[in-house]
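# Residue-level structural notes
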Amino acid sequence: MASQGKSKTSFSKWKYAHYFTLVEHKDKKLLVKCKLCLSGSKVLSTAINSNSNLSKHLQKVHASTKLEANPVSVDTLEVSQAPPAKQQRLDFNQTVSQGQGQINKAIARYVVENMQPVSTVESPAFRQLVSMITCSGGTQQMGRKTFSNYLDKEYSKMESELKTTFEGLDYIATTADIWSVHNKSFLGLTKAVLACKRIKGRHTYDVIAAEINHIHSLYGLSTKVTATVTDNGSNFVKAFQMYQPESLSDDDDDEEVTFTNVADVLDTSTEEGIVLPPHLRCASHTLNLISCSDVDKWLLSNPGTKGIYRSATAKCTALWSKASRSTLASELVGDLVGKKLLVPCSTRWNSFYDAVARIVEIPMTDLSTISNRLELKCIGEREFQFLREYCAIMKPLTVALDILQGEENCYYGTLLPTIEVLMSKLLEIREGLIIATGLPDAIVQAIKTRFASVLESNDAILAAVTLPMFKLRWLRDQRKKEMVKGMLAAECHKLIPRPGPVQQAAKMPVSPTTPDSSSYNVQDFFCFEEADDTFSTVETEVMTYLRTAETGMEILKQFPTIKEISLKKNAATPSSAPVEKLFSLGSLVLSPKRNKLSDQRFERLLLMRYNHWFEGAL
């Protein structure tokens, strides 16, 4: 019988082969174990002529590990390239043994990711399922107490990793809100989720301030938080007003010296040691107030829209009520229109707009048929025209809300361009209106009133101009563009201070001896200080940045001074949407059936779920 030829496998020559241990060679595939995996017992399969499976494993599971190529090739593995005598059979009875650590993490991931009660681990059906997992030495089941201790250890690790991450950041912003459910109240604070603490008693400003200050101190963020975003609740607003640090304005050097009574300075906030960061009001909440309160107030106070607004919304409300309470009515609408009517939610203005927009999409003939068969008053042509105009006017507001409530790539610098574009789009709609002709102007005036402090805020302007996607494009007034250019240059100069008198004197040419008047020549007579190139450098960086056509965030790497400003001014988000997302997850945990969960256990499960602890669990 001819001898089989020997050749080196692709794995033996691979530069990352030293991260794996060869287990077995079967025909045209190799079985290996990854040394980087925590348990070290996971068996991977790869072909003898390809390492793609192993490369994908390193990229997916160990993406955070810096891989180093092995300069020495593995020469010890010799395998046969001869084809097998017959086609290989698949062995479905083969089992891969899992480590106990992997099993514990898989169970924890299931409980945390799906927000299951901790008692799940004691369910007989669940324990039977886990017992079917093959484990070297036998699978060990965790009871509720043991599993709770395991979660506590993992939570401590996650908390430690968060603190380490925050230590490497210079600028951080947080969002805060209070949520009540099942007669319990919780204070949520996010960057990543920092806390969802139980709040007992009244939600007064001093209680809120103490909790926020405690959470910031717990993670070492007291000096790093540039701003905290909340809604417009009076208790939050007062908390940040009462516990702001004493700061000197830029013009203090030019003002007269004033004397203050020490007893007045040592107020409650100083005695308690509570200091809160600057406060930003949630832009989404402010737009909601405009959409509901200001718009309703104008429509009901204007004689031309008061009656038609009431009658149109009353007929819509009757239609929504009938379709949501009666299955026959819902089926009738579905058969005629092919869609269900949307019912507004009292806590979300967008739901009212969506519900009206769904009605406007239905032809008048179909609306009349539905109303007649449900024995409701039909929506008239003028009322239908009003509803269409209402949706056309409110459409830009809904788009702006979606932009400001985004979490990915939604920086504080997005706020001003969004407001400016929103106002311009509202004013463009005025020409095609017949009934609600003055509503766009009323909304624009409400925006200017409620966002007055933001529209004049230098921080908001700098945040917008240091985002490459905006720069100066959102400004239409040329004079304001020049003003913003100067503002950006001035901010850059704060980061690059001018040389002091000692440095300037060092630039002066100094002669070893003092020459007499007869030794001066023309060059010695005209001896000046060297020009300070700090200003030219800053102006060049600013002009080059503003003229660059690229809009990606990567372009900031070329402009280090502007990048530093952008990181500081854009640390915050324009809305408190992240903390609201936290509370939406919390409702999954505190369902009526799980209301017996302890406050601490609830907080830890929620934080682990929101911070995606389970992504690194396997």
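All residue numbers here refer to positions counted from 1 along the written sequence of the relevant chain. Local features in a predicted model are, by the rule used here, given only for residues with pLDDT of at least 70; side-chain atom pairs are given and counted only at 80 or more, and totals for whole chains, interfaces and linings are based on all residues. Hydrogens and water are ignored here; the side-chain numbers use all heavy atoms of the structure.

Each helix corresponds to a stretch of at least 4 residues labelled H or I by DSSP, and each strand to a stretch of at least 2 residues labelled E; elements are numbered beginning at the N terminus. Summing up its helical and strand segments, the chain has 26 helices and ten strands in all. By the convention used here, residues are in contact when the closest approach between their heavy atoms is within 4.5 Å. Long-range pairs, those at least 24 residues apart, make up 70% of the contacts in the chain with a sequence separation of at least 6. The method behind every accessible area is Shrake-Rupley, applied with a 1.4 Å probe, and residues are considered shielded solely by the protein chains displayed. For the chain, the exposed surface amounts to about 35,600 Å²; the carbon and sulfur share of it is 51%.

Before going further, it helps to examine the environment of I555. Following the sequence through the fold, I555 ends up in the loop between α23 (534-547) and α24 (560-569). Using a 1.4 Å probe on the protein chains alone, a residue whose accessible area is under 20% of its type maximum counts as buried, one over 50% counts as exposed, and one in between counts as partly exposed. With relative accessibility at 2%, the residue I555 sits in the buried group. As a C-alpha pair, I555 and Y545 span ten residues in sequence and 8.6 Å in three-dimensional space. Once residues lying within four places of it in the same chain are set aside, the contact partners of I555 are P468, T548 and E550.

Another aspect to go through is the nonpolar core. Throughout, nonpolar core names a set of buried Ala, Val, Leu, Ile, Met, Phe, Trp, Tyr and Cys residues whose side chains join them through atoms within 4.5 Å. Ranked by size, the top nonpolar core spans 91 residues in total, and within it L287, I443, I447, F451 and L488 carry the most contacts. Apart from the residues lying within four places of it in its own chain, the contact partners of I447 are I290, I419, L422, M423, L426 and A452. Counting 54 residues, the second-largest nonpolar core is a separate cluster that includes C135, L151, L194 and M608.

Before going further, it helps to spend a moment on the sheet that holds strand β2 (residues 20-26). Pairing between sheet strands relies on hydrogen bonds along the backbone, with the strands arranged either parallel or antiparallel. A pair of strands is considered paired only if DSSP assigns at least 2 bridges between the two. Taken in spatial order, the three strands of this open sheet run β2-β3-β4, and their pairing is antiparallel. Unpaired on one side and paired on the other, β2 and β4 (43-47) mark the two borders of the sheet. In this sheet, adjacent strand axes meet at a mean angle of 30° when their direction is disregarded. As judged from the six bridges shared by β2 and strand β3 (residues 29-34), these two strands associate in the antiparallel manner. Note on β3: the bridge partner recorded for L22 is V32. Under this scheme, a helix contributes an axis fitted over its contacting stretch, all axes are lines through C-alpha atoms, and angles between N-to-C directions fall in the 0 to 180 degree range. Contacts from helix α2 (residues 52-61) reach β2, β3 and β4, with the element oriented near 135° to β4.

We now examine unusual backbone geometry. Unusually for a residue other than glycine, E375 sits at a positive phi of about 60°. Following the sequence through the fold, E375 ends up in the loop between α14 (364-373) and α15 (381-404). Even without being glycine, K471 reaches a positive phi, approximately 50°. Inspection of the secondary structure assignment puts K471 in the loop between α19 (458-465) and α20 (478-495). By relative accessible area, which is 2% here, K471 ends up buried.

Along the chain, G201 turns up in the loop between β8 (193-199) and α6 (205-218). For the pair G201 and K184, spaced 17 residues apart in sequence, the C-alpha to C-alpha distance is 9.8 Å.

Right, let's get into the pairing of β4. Residues of β4 alternate between two faces, with L44 and T46 buried on one and V43, S45 and A47 left unburied on the opposite face. Pairing between β3 and β4: five bridges, direction antiparallel. Across the sheet, residue V32 finds its bridge partner in β4, namely L44.

Right, let's talk about the packing of helix α5 (residues 144-167) against helix α26 (residues 599-610) for a bit. Taken N-terminus to C-terminus, the directions of α5 and α26 make an angle of 55°; their axes are 11 Å apart at the nearest point. Judged on the interaxial angle alone, α26 and α5 are oblique. Considering the relative orientation of α5 and α26, their crossing is left-handed. Facing α5, whose interface residues are S148, L151, D152, E154, Y155 and M158, α26 presents R601, R604, L605, L607 and M608. A class-by-class count of the residues in the contact of α5 with α26 yields six nonpolar, one polar and four charged. Should an angle lie under 35 degrees it is considered roughly parallel, over 145 roughly antiparallel, and from 65 to 115 roughly perpendicular; all remaining angles are considered oblique. Left-handed describes a crossing whose near helix is turned anticlockwise from the far helix through less than a right angle; right-handed describes the clockwise counterpart. Any residue that is not Ala, Val, Leu, Ile, Met, Phe, Trp, Tyr, Cys, Pro, Asp, Glu, Lys or Arg is counted as polar, Gly included; the first ten are nonpolar and the last four charged.

What follows is about the pattern of salt bridges. Here, a salt bridge means any Lys or Arg side-chain nitrogen found within 4 Å of an Asp or Glu carboxyl oxygen. Scanning the entire structure with this criterion turns up eleven salt bridges. Note that E154 and K157 form a salt bridge whose closest N and O atoms lie 3.7 Å from each other. Of the two residues, E154 and K157 both sit in helix α5, three residues apart, roughly one turn of that helix. On the accessibility criterion, E154 (8% relative accessible area) is buried. The salt bridge involving R358 is made with E361; its shortest N-O contact spans 3.8 Å. Residue R358 and its partner E361 are located together in helix α13 (residues 349-361), separated by three residues, close to a single helical turn. Through salt bridges that share partners, K339, R358 and E361 make up one connected network.

Look at helix α11 (residues 303-325) against α13: their axes get within 11 Å of each other, and the N-to-C directions meet at 90°. By the angle class used here, α11 and α13 are roughly perpendicular. Together, T313, C316, L319 and W320 of α11 and F352, A355, V356 and I359 of α13 make up the contact between the two elements.

Our focus in this paragraph is α15. Between its first and last C-alpha, α15 extends 35 Å over 24 residues, near the 34 Å set by a 1.5 Å rise per residue. Most pronounced at M394, the bend in α15 amounts to some 35°, and the proline P396 follows within four residues. The span you would expect from a helix comes to 1.5 Å times its residue count less one. The seven residues ending at a residue and the seven starting there each receive a fitted axis; the angle between those axes is the bend at that residue.

Tracing the backbone through its elements, the reader meets S284 in helix α10 (residues 283-301). A residue is classified by how much of its surface remains accessible, and S284, at 3% relative accessible area, is buried.

Pairing of aromatic rings covers Phe, Tyr and Trp, the last through its six-membered ring, and needs centres within 6.5 Å; plane angles under 30 degrees mean stacked, over 60 mean edge-to-face, and all others mean tilted. This structure, assessed with the given rule, holds eleven aromatic pairs. Ring geometry for W14 versus F20: centroids 5.9 Å apart, planes at 25°, classification stacked. Each member of the pair, W14 together with F20, is buried. Ring geometry for Y110 against F126: centres 5.7 Å apart, planes inclined by 20°, an arrangement best described as stacked. Taken together, the residues Y110 in helix α3 (residues 100-113) and F126 in helix α4 (residues 124-131) connect sequence positions 16 residues apart. Here Y110 falls in the partly exposed class, since its relative accessible area comes to 35%. Of the residues examined, F126 reaches a relative accessible area of 12% and is grouped as buried. An aromatic cluster is present here, built from Y309, W320, F352, F386 and Y390 joined pairwise through their rings. We call a charge positioned above a ring when the Lys NZ or Arg CZ atom is no farther than 6 Å from the ring centre and deviates by at most 35 degrees from the ring normal. The ring of Y219 has K163 sitting right over it, with the charged end atom 6.0 Å from the ring centre. Directly above the ring of Y545 sits K471, whose terminal nitrogen or CZ lies 5.1 Å from the centroid.

Our focus in this paragraph is the confidence of the model for the chain. Mean pLDDT over the chain: 80, with 78% of residues reaching 70 or higher. Every residue gets a pLDDT, meaning the predictor's confidence in that residue, from 0 to 100. Overall, residues 73-85 carries pLDDT values under 50, and its contacts beyond four positions in sequence, including any with other chains, amount to 27 contacts.

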